[in-house]
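Architecture and fold: a report
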Amino acid sequence: MNRDDVLEPLLFENSKPGRADDYLPKLDVPEAPLPGEHVRDDLPLPEVSEPDVVRHFTRLSQLNFGIDTNFYPLGSCTMKYNPKINEATARLPGFAWLHPYQDESTIQGALRLMHELQEILAEIAGLPAVTLEPAAGAHGELTGMLIIRAYHVHNGDTHRKYVLVPDSAHGTNPATATMCGYEVIEIPSDERGNMDPEAIEAAVNDEVAGLMLTNPSTLGLFEEHICEITEMVHEAGGLVYCDGANMNALLGVARQGELGCDVLHYNLHKTFSTPHGGGGPGAGATAVSETLEPFLPIPVVARNADGYCFDFDRPHSIGRVRAFYGNFGNMVRGYTYIRRQGRGGLEAVSRNAVLNANYLRAKLQDTYHLPYDRSCMHEVVLSGKRQAEQGAQTLDIAKRLLDLGFHAPTIYFPLIVEEALMIEPTETESRETLDAFAEAMLEIAREAAETPEIVTEAPHNTPVSRLDEVTAARKPNLRWNSAAD
Ligand SMILES: *Cc1c(COP(=O)(O)O)cnc(C)c1O
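Procedures and definitions
Residues numbered from 1 in each chain as written. Predicted model: local features only at pLDDT ≥ 70, side-chain atom pairs only at ≥ 80, totals over all residues. Heavy atoms only, no water. Helix = DSSP H or I, 4+ residues; strand = E, 2+ residues; numbered from the N terminus. Expected span 1.5 Å × (residues − 1). Bend = angle between axes of the 7 residues up to and from the residue. Axes fitted to C-alpha atoms, helices over the stretch in contact; angles between N-to-C directions. Parallel < 35°, antiparallel > 145°, perpendicular 65-115°, else oblique. Left-handed = near helix turned anticlockwise from the far one by under 90°. Contact = heavy atoms within 4.5 Å. Nonpolar A, V, L, I, M, F, W, Y, C, P; charged D, E, K, R; others polar. Near = heavy atom within 4 Å. Polar contact = N/O pair within 3.5 Å; in protein donor to acceptor, adjacent residues only side chain to side chain. Areas by Shrake-Rupley, 256 points an atom, 1.4 Å probe, with all protein chains shown as cover. Phe/Tyr/Trp six-rings, centres within 6.5 Å; stacked < 30°, edge-to-face > 60°. Buried < 20%, exposed > 50% of the residue type's maximum accessible area, 1.4 Å probe, protein only.

Before going further, it helps to spend a moment on helix H10 (residues 328–364). Taking 1.5 Å of rise per residue, the 37 residues of H10 would be expected to cover 54 Å, yet its terminal C-alpha atoms sit only 41 Å apart, more than 12% below that figure. In the structure, H10 departs most strongly from a straight axis at Gly342, where the bend amounts to approximately 100°.

Here it is in structure tokens:
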């Protein structure tokens, strides 16, 4: 099926002169030109009825795969259900209609929410100070690493030019270190999926600014030598950055500050249930140790005798990292989520997220290769290499899942796992959904062994089948052209 069949009838092609005429009553006053010099009246707008418009956009929306319609176990993305109450609070007029230039005295409620969110995120991290300004996870990383650099520069320690990054890291980690002017030294993982302490010991010295780690790692595994490793880095005068994009395994269970991390960024749009994807606004709140607090971006939301305020008087600050104060709507959503869960609820989130991932691991590990044979945290990384040998690659398995009503897991990441299938079910899925997904994965494995072409030619039931994704990404055609063009 080609694209036009799917989108048919296109809004423009459905246009019929006069069809929109009934929408308003006939003109019974003299016709007047629209005010303003930039108004154009020569645009070929389609003439369609209101139901045509509604159906067109509703149909388009249904061509998308979303968390509100189906299971979406995309690893390292924490596609949990986004509670609708978050949307209700973010839309409260007192929040939604604020202007960033309003006087502090008129926005005390918003500032209080930000201040309380800072305190809650500090508590979860075990790190005392938080900025809410970064607009996404990678932006939180950049903020955190700029803070680490500012700290070293402040101490006159300008000869540190390396940052250690494990080979399982998310690609944004080495990119961030490089953008901050550092050279990356890659740390290999050992056979249990841990960072190798001996490799750290060999690499760390007084030219190392710090270590960027992820715990649980992107292999979905708890870093077993975490305290030993963070201590080694500190002894050499370096600092430890923790990528906390996915904190869904540790809420209320372990605090990164107590494990030796100096900086932690969160993705509110993963762990704290604010929506993400489609390039929409994220929120990359970043927590730091007491030593690093003076370097936080301005302004920090503070509290004084008169109430809440923006504190700009911070001489060691790295400056602003974003216009105004961050993506406030997502702060309201994340705050709502946290307050609704409460302390015990957050801990239950993590325990259930870990339980669900291990449930899928147990159901699938006899059929799909499990590269690191131990309990996982919030996600499980499997390998499709057995199925690849039978002729159905991981990409094919991912496409076949769409036929069966599931979004694919993350595939081919982490890079160190051959034919990787990175499955993150999250805590918001029922046992029935997990069972149905496991059954689909087992069914696909049977097909790979018996009739691999069903898998390699998938998807069969979706509105469009295999797309040329490279061309779509590199040469996107985003304009409608009439058949005459
Ligand atoms: C998602 C993710 C990031 C980046 O977050 P963005 O909001 O997409 O910039 C960084 N690190 C890890 C481990 C992630 O999963």
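Relative orientation and spacing of two packed helices are given, respectively, by the angle between their axes and the distance between those axes. One can describe the packing of helix H6 (residues 137–154) onto helix H7 (residues 172–179) by two numbers: an axis separation of 9 Å at closest approach and a directional angle of 40°. By the angle between their axes, H6 is oblique relative to H7. For the pair H6 and H7, the sense of crossing is right-handed. Facing H6, whose interface residues are Ala138, Glu141, Leu142 and Met145, H7 presents Thr172, Asn173, Thr176 and Met179. Its residues assigned to classes, the contact of H6 with H7 shows 4 nonpolar, 3 polar and 1 charged.

With that settled, consider the site of the ligand. Lining the immediate environment of the ligand, one finds 13 residues, of which Ser76, Gly137, Asp243, His269 and Lys270 sit closest. Here an oxygen atom of the ligand sits 2.8 Å away from a polar atom, N or O, in the main chain of Ala138. Separating an oxygen atom of the ligand from a side-chain N or O atom of His269 is a distance of 2.6 Å. If the ligand stood free it would expose 390 Å²; the protein chains cover 84% of that surface. With 3 residues, H6 is the largest single contributor of residues to the shell around the ligand. When the residues that make up the shell around the ligand are grouped by side-chain class, the tally is 3 nonpolar, 7 polar and 3 charged.

Before going further, it helps to spend a moment on unusual backbone geometry. Between Phe413 and the following residue, Pro414, the backbone shows a cis peptide bond with an omega angle of -5°. Structurally, Pro414 can be placed in the loop between strand E11 (410–411) and strand E12 (420–423). Residues Ala458 and Pro459 are joined by a peptide bond in cis, for which omega reads 5°. Within the element layout of this structure, Pro459 appears in the loop between helix H14 (452–456) and helix H15 (469–474).

Let us now look at the packing of aromatic side chains. Counted under the stated rule, the structure contains 11 aromatic pairs. Each ring, one from Phe71 and one from Phe406, has its centre 6.1 Å from the other, and the planes form 90°; the classification is edge-to-face. Of this pair, Phe71 sits in the loop between helix H2 (50–62) and helix H3 (84–90) while Phe406 sits in the loop between helix H12 (394–403) and E11; the two residues are 335 residues apart in sequence, bridging distant segments of the chain. The same class applies to Phe71 and to Phe406, which are both buried. With 6.1 Å between their ring centres and 55° between their planes, Phe324 and Tyr325 make a pair best called tilted. Every member of this aromatic cluster is reached through a ring pair, and the members are Tyr101, Phe310, Phe324 and Tyr325.

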